[in-house]
Amino acid sequence: MPPELVERQARPARAAALWGKLHGFGPIAGLVLLCIAGTLLNGDFATVGNAMNVLQRTAFIGIIAVGMCFVIISGGIDLSVGSMAALIAGCMILVMNKVAGSIGSPVAVIAIGMLLALLLGALFGLAHGLLITKGRIEPFIVTLGTLGIFRAYLTYFADGGAITLDNALADVYSPVYYGSLLGIPFPVWVLVLVALLGALVLNRTAYGRYVQAIGSNEQVARYAAVAVDRVKIMTYMLLGLCVGVATVLYVPRLGSASPTTGILWELEAIAAVIVGGTALKGGAGSITGTVVGAVLLSVISNILNLTSIISVYLNAAVQGFVIIIVAFLQRGRR
Amino acid sequence: MTQSTRRLVLGATAAAVVLLAAPAWAQAKKEVLGVSMPAATHSFMAGAVYWANEAKKDLEKAHPGMQVIVKTAANASEQASQLQDLVTVNKITSLVVFPFESAALTKPVAQVKSKGVYVTVVDRGLTDPSIQDAYVAGDNTAFGKIPAEYIAKSLNGKGNIVALRGIPTTLDNERMDAFNAVMKGYPDIKLLDAKHGNWNRDDAFKVMQDYLTRFKDIDAVWAADDDMAVGVLKAIEQSKRKDIKLVFGGAGAKGAIKTLMDGSDPLIQANVSYSPKFMYDAIKMTGEARLKGEKLPANNIIPSVLITKQNAKDFYFPNSPF
């Protein structure tokens, strides 16, 4: 074969490989473009203070999205996370207010509240996992059911109003959200930690490989002697734990939970995972992409708040357009 | 027995007969009042549901012949089904309805009306007002006007303000228009921006954080709702900014009224009433008018008034969830 012919055949292959690599950069490219647009529209966008605000408020969705990433990679879905976060927040506040009377140290009271949040998250996740695997009900249906159940119980406990943390406790608790280490707010540290752990588990452990194997072909995974049910249950428990962690950070922000807490968080978390390049049908995905996706979603609303060029009625439309464009940038993966 | 004592006994017996018979007569003329409203999914509606149940308690106690049925719905179509049930199953004679959505509930309420039921509409009107016998609502114009006047006065007619709006609705537009109309008279007051905080604490927190990033000098905030004020105050606290002198919420939630009474937050100096108690008033007025066979005035606007530290205790209802 003459050399120029080899060259000609190799070029499209190389271009395809390059394009393939670019797919993974969709969310990052989208985020960079958005940040440039934000800086052009308002000089205050590119300040450290604003960046910290955005990252700090991304923490809840980001942490939940890391857990959601596992569930989606395994081929499942969880629609209940917003309601679950709201119910956990409500229970936490009720219990903390109650035990504050008998336990003198507010730090101990808050520690009890945090433990309860993690425990409840894991328990709710376990219930989901059992219903889905042993009960053989579609994840969509199970979590659609609990979405209603969790929020209804919160509304019932709150009597339709708001459940509010005692002032003294709220003062002690508030640094967990508002405090910072080395100039970076705690919630951002926790998000980074959760993301690193998530990436480690997904890419470097047998469990992570099982999750991906089940998502790409459950039957084959079964034949390969993977304990499919146990792995699946664990993904839902992992997500529940993530919701618990997010709630621990959420409660000190406003010191209250109400029936509007966490509304549509499930869709934001799922959007973050999908925008981040994970296929909705499962099989493969990335934690980095997920976190970038979550940040991207917050940046859009931040930019819209920092400018007033678009009618306020169109905010949701702008968010929709950006989500679709970013997903378009990495099509072909699913 | 003397003549006079005999007469006394007779009179007492007659009085007793009349007294005993009165409730029985009332019982015979049974009045069934149906109440249909959105479910308590946020604090304001929780307050409205609370007041509806208070009205039921008070009316049924005062008038033994009266039955009040309170139904709450999670969405417009559920409310439409409940309206059907109220007519066919409960055989209501009058209805107090707080429509989930104006357009969607107009036909279902018209159906109820066509069965001869007396209809009082509360808060959100129907698209065809000719269906209702009476209308009871809070004063949305005053809800925007009173804060605007208070803010303008306390800034001495000069300064920068930001506003947070509710969920995009006609009710929200009415309030915003009233606010802007007052501010027209104060050319030195600059409304920097008005974004939607959706009557939600979390959304208001984010919107306020971004206002604080964007505007270096803000004198006052019109939070337009006490729930949103909670998020606004947290964002200000976190930013440690000292330029903001006033945060005006609205609707008189019990937490906000308590803060006002105690004077515990220097940024909170006043509030405007828009109490979910209008639900109580609407039910009680309708029930009592119907028992007497009277009609309500066509339009009943429950006035919104300025609440300050002096009159705050008149607006404090610690048992209400709102």
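This text gives an overview of the structure that appears in the document. (Residues numbered from 1 in each chain as written. Chains lettered and ligands numbered in written order. Predicted model: local features only at pLDDT ≥ 70, side-chain atom pairs only at ≥ 80, totals over all residues. Heavy atoms only, no water.)

This part takes up the overall build of chain A. In terms of regular secondary structure, chain A is built from 15 helices and 4 strands. For 334 residues, the compact-globule formula gives about 20 Å, and the C-alpha radius of gyration of chain A, at 22 Å, lands near that figure. Projected onto its principal axes, the C-alpha coordinates of chain A cover approximately 85 × 55 × 40 Å. Accessible area of chain A: about 15,100 Å², with a carbon and sulfur share of 71%. Each charge class in chain A was averaged separately, 19 positive and 12 negative side chains, and the resulting centres sit 11 Å apart. (Helix = DSSP H or I, 4+ residues; strand = E, 2+ residues; numbered from the N terminus. Rg over C-alpha atoms; globule rule 2.2 N^0.38 Å. Areas by Shrake-Rupley, 256 points an atom, 1.4 Å probe, with all protein chains shown as cover. Lys, Arg positive; Asp, Glu negative; His and termini not counted. Charge placed at Lys NZ, Arg CZ, Asp CG, Glu CD.)

It is worth spelling out the interface of chain A and chain B at this point. Tallying the contact residues gives 31 residues for chain A and 28 residues for chain B. Summed over both sides, the interface of chain A with chain B buries roughly 2,500 Å², with 48% coming from carbon and sulfur. Put simply, chain A and chain B have 3 salt bridges between them. The closest approach of N and O atoms between Asp 44 of chain A and Lys 216 of chain B, which form a salt bridge, is 3.9 Å. Remark: the boundary between chain A and chain B carries 13 residue pairs in polar contact (both at pLDDT 80 or more). Going through the elements one at a time, α3 (48-73), α8 (175-178), α12 (228-254) and α14 (287-306) of chain A are the ones with two or more residues in the side of chain A that touches chain B. (Contact = heavy atoms within 4.5 Å. Buried area = accessible area lost by both parts, 1.4 Å probe. Salt bridge = Lys/Arg side-chain N within 4 Å of Asp/Glu carboxyl O. Polar contact = N/O pair within 3.5 Å; in protein donor to acceptor, adjacent residues only side chain to side chain.)

Leaving glycine aside, a negative phi is the common case for residues, and trans is the common case for peptide bonds. Positive phi is not limited to glycine here, since Ala 225 of chain A has a value of about 65°. Among the secondary structure elements, Ala 225 of chain A is positioned in the loop between α11 (218-223) and α12. Judged by its relative accessible area of 67%, Ala 225 of chain A falls in the exposed class. Although it is not a glycine, Ala 224 of chain B sits at a positive phi angle of roughly 60°. In this fold, Ala 224 of chain B is placed in the loop between β8 (220-222) and α8 (226-239). (Buried < 20%, exposed > 50% of the residue type's maximum accessible area, 1.4 Å probe, protein only.)

Under the defined criterion, the tally for this structure stands at 24 aromatic pairs over all chains. Plain terms: the ring middles of Phe 60 of chain A and Trp 265 of chain A are 5.7 Å apart, the flat faces sit at 15° to each other, and that makes the pair stacked. Taken together, the residues span a long stretch of sequence, with Phe 60 of chain A in helix α3 and Trp 265 of chain A in helix α13 (residues 265-275) at a distance of 205 residues. Accessibility assignment for this pair places Phe 60 of chain A and Trp 265 of chain A in one class, buried. Each member of the aromatic cluster is reached from another via a ring pair, and the members are Phe 60, Tyr 177, Tyr 178, Tyr 250 and Trp 265 of chain A together with Phe 205 of chain B. Of note, Arg 175 of chain B hangs over the ring of Tyr 274 of chain B, and the distance from its end group to the ring centre comes to 4.7 Å. (Phe/Tyr/Trp six-rings, centres within 6.5 Å; stacked < 30°, edge-to-face > 60°. Lys NZ or Arg CZ within 6 Å of the ring centre and 35° of its normal.)

Turning next to the sheet that holds strand β5 (residues 134-138) of chain B. All names here are of chain B. Overall, parallel pairing links the 6 strands, which are arranged β2-β1-β3-β4-β5-β11 in an open sheet. Either end of the sheet is taken by a strand with one partner, and the two such strands are β2 (66-73) and β11 (299-302). Direction aside, the axes of adjacent strands within the sheet are offset by 15° on average. In this structure, β5 lies alongside β11, joined through 4 bridges in parallel fashion. Following the sheet pairing, Ala 137 is matched in β11 by Ile 301. The strands that helix α10 (residues 278-291) touches are β1 (31-38), β2, β3 (94-97), β4 (118-122), β5 and β11; relative to β1, the one it contacts most, it runs at about 160°. (Pairing = 2+ DSSP bridges. Axes fitted to C-alpha atoms, helices over the stretch in contact; angles between N-to-C directions.)

Residues and elements named next belong to chain A. Along α3, the helix axis deviates most sharply at Ala 59, where the bend reaches about 45°. In terms of burial, α3 is a largely internal element, 22 of the 26 residues being buried. Of the residues one or two after α3, Gly 75 is the one with positive phi, at around 95°. (Bend = angle between axes of the 7 residues up to and from the residue.)

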